[in-house]
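Topology and contacts: notes
So the chains spell out like this:
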Amino acid sequence: CRGFLESVRKSAGTRLPQILTWTFGIQHELIRNLSLDVAYIGSHSTHLAQGSNFDYVNLNYLSLGNLLLQPAGSAAAAAANVPVPFPTFSTFTSHTVAQALMPYPQYTSVSSGSENDPVGSARFNSLQIKGTKRYSNGLTLLAYWSWMKNMSTLQNYQYPAYRPITYSGDSPPSTLVVNWSYELPFGRGKKFLNSGNRALTWLVGGWNIAGYVRYSSGDALSFTVSNNLSIMGYSSKFPNYVPGVPILGTTDPRNFDPAINRYFAPAGAFVVPPSYQLGNLSPTLDWVRGWTQKAESVSMGKAFQINDKLRAQFRADINNPFNAVRWGDPNTSITSANYGQVTSAADGRKIQLYLAVQF
């Protein structure tokens, strides 16, 4: 075992990640001062640092059920032709059938650190569309929409035989962002209210309004269940999915009452797998997500000259101007009494006033 781990360490130390990327893009000016960019970005990564567990009970042996918890030298184990790994095995604290069937029964754990095992892989695909309006008629605007999907094996570290590439869950698949700034067309040199009345010009001129919005898909959710397979060498266990059963409950944020409603339906689309099964769900699901994420803010300000030596600037910043409720992610532990319950929310409307005087 020592020689095996040393060979892993040496081979890992000489291999760096390999990342291939490719990009294709088109830029076009639609009309004067308005351009459109469309780009595709892809990548494929191999030899990523990833931890591995080498000491676990093979899936084929999980069908032995409760026998796995019996002593390796018991009559039941002998009847099932379970060998005793070495003569002093019965003196170990853990001398069960499960421990005897592990590749390295003399150890309770054999694994490589995440920095020592370059066996991970990932692939990334993204479509990005951006519209840009350069400054004209007092308006500037930048808007982009992106779609992306990141798949990797880094979530599936339990044992080398089980390395499917699954959704990584570290980025929303769809995101829309709009950022804009507009100088209001009032006052001296503008289209409206540009009379020679100095008081009126001072009052209505020089105002600017800017806004920012960001809308994205909800967080990819990970469903959990109590793990009774840790003694078999498995660090985690996942629920089973029952097809055809509704997953979601109340998902309209405007009509959601956390004291009454649950985000998930109570019918049980996800259930606890049998004792000696891992479950059929992936660590993170891209097809079950939390609330749509949104951020909105607006800012309005004015700079004005008081006299030759005195200048002032006023601005009002408002976050979440519509005071929308932005719920946190629901409880995803299917064995919890609070399954589907939402217990958090982001801040409500915030207003900040700013006044500066320069002299």
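The model shown is predicted, which means the values in this text are computed figures rather than measured ones. (Residues numbered from 1 in each chain as written. Predicted model: local features only at pLDDT ≥ 70, side-chain atom pairs only at ≥ 80, totals over all residues. Heavy atoms only, no water.)

Some thoughts on the overall build of the protein
The test is simple: Under the DSSP-based scheme used, a helix requires at least four consecutive residues in state H or I and a strand at least two consecutive residues in state E, with every element numbered from the N terminus. As defined in this context, the radius of gyration uses C-alpha atoms, and a globule is described by 2.2 Å times the residue total to the power 0.38. Exposure categories follow from relative accessible area, calculated using a 1.4 Å probe and restricted to protein chains: below 20% of the type maximum is buried, above 50% is exposed, and the middle band is partly exposed. Whether two residues are in contact is decided by their heavy atoms: any pair within 4.5 Å suffices. Residue-level accessible areas treat just the shown protein chains as cover; the underlying method is Shrake-Rupley with a 1.4 Å probe.
When helices and strands are tallied, the protein shows 4 helices and 16 strands. Against the compact-globule benchmark of 21 Å for 359 residues, the protein has a radius of gyration of 30 Å, which places it well outside the compact range. Along the three orthogonal principal directions, the C-alpha set of the protein runs to about 105 × 55 × 45 Å. The 359 residues of the protein split such that 36% are buried. In the protein, the proportion of contacts linking residues at least 24 apart, taken out of those at least 6 apart, comes to 69%. For the protein, the exposed area adds up to about 20,700 Å²; of that, 57% sits on carbon and sulfur atoms.

Details of the pattern of salt bridges
Close approach of charged atoms lets side chains of opposite charge pair. Rules: Definition used for salt bridges: Asp or Glu carboxyl oxygen within 4 Å of a side-chain nitrogen of Lys or Arg.
If you walk through the whole model with that rule in mind, you get 4 salt bridges. When the shortest N-O distance is used, the salt bridge between aspartate 286 and lysine 149 registers 3.0 Å. Taken together, the residues aspartate 286 in strand S13 (residues 285-289) and lysine 149 in strand S6 (residues 139-152) connect sequence positions 137 residues apart. You can call aspartate 286 partly exposed: its relative accessible area is 27%. In this structure, aspartate 317 and arginine 315 form a salt bridge, with 3.2 Å as the shortest nitrogen-oxygen distance. The exposure class of arginine 315 is partly exposed, given its relative accessible area of 28%.

Remarks on the confidence of the model for the protein
Which entries qualify depends on this criterion: The predictor attaches a confidence to each residue, and that confidence, scored 0 to 100, is pLDDT.
Across the protein, the average pLDDT comes to 86, with 92% of residues at or above 70. Mean pLDDT values for the elements of the protein range from 49 in helix H1 (residues 2-13) up to 95 in strand S8 (residues 174-183). The low-confidence segment residues 1-5 (pLDDT under 50) makes 7 contacts with residues lying over four places distant or belonging to another chain. Counting interchain partners and residues more than four positions distant, the pLDDT-below-50 stretch residues 8-12 has 6 contacts.

As for a nonpolar patch on the surface
Under the convention used in this document: Note that patches include only residues with greater than 30% relative accessible area and no salt bridge, and the join distances are 9 Å for like charges and 5 Å for nonpolar side chains (Val, Leu, Ile, Met, Phe, Trp, Tyr).
On the surface, Leu20, Trp22, Phe24, Ile26, Val38, Tyr40, Leu127, Trp145, Trp147, Leu176 and Tyr215 cluster together into a nonpolar patch covering about 960 Å² of accessible area. Among the secondary structure elements, those contributing two or more residues to the nonpolar patch are strand S1 (18-31), strand S2 (34-48) and S6. Here the element with the most residues in the nonpolar patch is S1; it accounts for 4 residues. By secondary structure assignment, the location of tyrosine 40 is in strand S2.

A short note on the nonpolar core
Definition in use: We define a nonpolar core as any set of buried Ala, Val, Leu, Ile, Met, Phe, Trp, Tyr and Cys residues linked to one another through side-chain atoms lying within 4.5 Å.
Formed by 18 residues in total, the largest nonpolar core has its most connected members in Phe223, Phe264, Phe270 and Val288. Residues contacting valine 288, with those up to four places away along its chain left out, are Asp219, Ala220, Leu221, Phe223, Ile247, Phe264 and Phe270. Of all hydrophobic cores here, the second largest spans 16 residues; its members include Tyr56, Val57, Leu67 and Leu101.

With respect to the packing of aromatic side chains
Worth spelling out the cut-off: Stacked, edge-to-face and tilted are the three classes for Phe, Tyr and Trp ring pairs, Trp counted by its six-membered ring, which pair at centre distances within 6.5 Å; planes under 30 degrees apart are stacked, over 60 edge-to-face, the rest tilted.
Enumeration over the complete set of coordinates arrives at 15 aromatic pairs. Their ring planes at 55° and their centres at 6.1 Å tell us that tyrosine 56 and tyrosine 234 sit as a pair that is tilted. A residue pair is termed long-range when its members are at least 10 positions apart, and tyrosine 56 in the loop between strand S3 (52-53) and helix H2 (75-79) and tyrosine 234 in the loop between strand S10 (220-221) and strand S11 (240-241) qualify at 178 residues. Across the pair, tyrosine 234 and tyrosine 56 agree in class, each one buried.

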